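Secondary and tertiary structure notes
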Amino acid sequence: RRACMVHLVKKPYIHLSWAAFEEERGNLEIAREALDHIDKGMPGLIAVILRRAGLERRSGNVEQGGDIMKLAIENCRGRETRDFWIMKYVTYLQCSCKDVDAARNFLQEQIERNQRHKRLYARLLDLELNCGATQPDSAAIVAIFNKILTSGLSVEEKAGFSHRRLTFLEEFGDDVSAIIAAYDDHNKNWKTILDEKKKESALPARDYKRRDNYGNNRNYNNRDRNYNNRDRNYNSQNNYNQNTYNNQGGGGYNMNYNMQQAQQQQQYQQWYSQYAQQQQFAAQGQYQQPQQNRGY
C-alpha cells in the first residue's frame, strides 16, 4: 500500500500486483481501491480497465463490469482504440452477460454511426453465427448480408462479403431458390471484381533491379556532368577574376613578388658557388675565410 500510494504512484504493474494480492485473499474493496487509484492517476490504460471489469465480473457484478467497458469506449481517443473496446464490449455482453440482444443492438448502433467499417459488419455476422443456437437463423444472417451489399463499403469488400454469403447459404441455407438467386447476383455484380483481384495477385512481381540500375547510372552520369560543369565554371570564374585583378592594377604585387624571389635565388646561387670553392680549397690544404652573410 505504501509503495503504491506514496512512492510509486504511476507504476501500473505494482498496482495490478497489489490488487491481485488483495483479491486472492478476499479483500475486494482494497483491490478496487488499488485499481481506482492507478486509473485516476493514469487514465485509459487497457490492462487496468480490463482488470477492473474482470474484478467486477468475478465478484458477481456483471453489469458494473460492462459499464466500465462502455465508459472506456466513450473516453478513448483514436479509432483503433475505440474499435478495440467495441469488440471487447460486444464479447463481454455475449459471453459474460449472456445478452446477445444487447450485443446485437449495440453493434447496430455503431454501424449506423459508421457505415463504412468492415470489422463491425464482420463482428455482427460472427455474433449471429455464434449466438448459442443449434442452427443459425439463416433469414437474419441473409438480411445482414443484403444490408452489407448496399452499405458504403468499397466494391472489393462487398465482393468478399458476397462470396461469404454464398458459402453460408451452401452450408446452412434452407431454400434452394435463395441459393440460386445469390449465385446469379454474385456472377452478375461481384464475380468479375474478384477475378480481377485474383489476376492482380497472381501476376509475378516486377523486376525493378534493371530499372534501378539504369536510374543509378543515369544519376551518376548526371553527377559527373555536374562536377565537370562546376569545375569548368570555377576555372572560368578564376580566369575572369585574375584578369580583372590584373586590369585593376593588382598585378604589380605579383610582379614585385616574382622579382624578389628571383633575387633571392640569385643570391643563393652565388653563396653556393663560394661554398663549393671553399670546400675545394679545404681539400687542397688551403683555407680561406668564408663570408658571414649568405645573402638569403
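Structural notes, computed from the coordinates. Not measured: the values here are computed from a predicted model.

What counts as what
Residues numbered from 1 in each chain as written. Predicted model: local features only at pLDDT ≥ 70, side-chain atom pairs only at ≥ 80, totals over all residues. Heavy atoms only, no water. Patch = residues over 30% accessible without salt bridge, like charges linked within 9 Å, V, L, I, M, F, W, Y side chains within 5 Å. Areas by Shrake-Rupley, 256 points an atom, 1.4 Å probe, with all protein chains shown as cover. Salt bridge = Lys/Arg side-chain N within 4 Å of Asp/Glu carboxyl O. Helix = DSSP H or I, 4+ residues; strand = E, 2+ residues; numbered from the N terminus. Phe/Tyr/Trp six-rings, centres within 6.5 Å; stacked < 30°, edge-to-face > 60°. Buried < 20%, exposed > 50% of the residue type's maximum accessible area, 1.4 Å probe, protein only.

With that out of the way, let us pick up a nonpolar patch on the surface. A surface patch of nonpolar side chains, about 320 Å² in accessible area, is lined by Tyr268, Tyr272 and Tyr275. Relative to the helices and strands, tyrosine 272 is located in helix α13 (residues 251-283).

A ring pair, where both rings are aromatic, is described by two values, the distance of the centres and the angle of the planes. A full pass over the atoms with the stated rule returns four aromatic pairs. Look at tyrosine 89 and phenylalanine 106: their rings are 4.9 Å apart centre to centre, the planes differ by 80 degrees, and that puts the pair in the edge-to-face class. Here tyrosine 89 is found in helix α6 (residues 79-96), whereas its partner phenylalanine 106 is found in helix α7 (residues 100-113), with 17 residues between them in sequence. For the pair formed by tyrosine 89 and phenylalanine 106, the shared burial category is buried. Ring centres of phenylalanine 168 and phenylalanine 172 lie 5.4 Å apart, and the angle between their planes is 35 degrees; this geometry places the pair in the tilted category. Of this pair, phenylalanine 168 and phenylalanine 172 both sit in helix α10 (residues 155-172), four residues apart, roughly one helical turn. On the basis of relative accessibility, which here comes to 5%, the residue phenylalanine 168 falls in the buried class. Grouping aromatic residues by their ring pairs yields a cluster made of Phe145, Phe168 and Phe172.

In this section: unusual backbone geometry. Negative phi characterises most residues that are not glycine, and trans characterises most peptide bonds. Not every positive phi belongs to a glycine, and lysine 98 is a case in point at roughly 55 degrees. Mapped onto the elements, lysine 98 comes out in the loop between α6 and α7.

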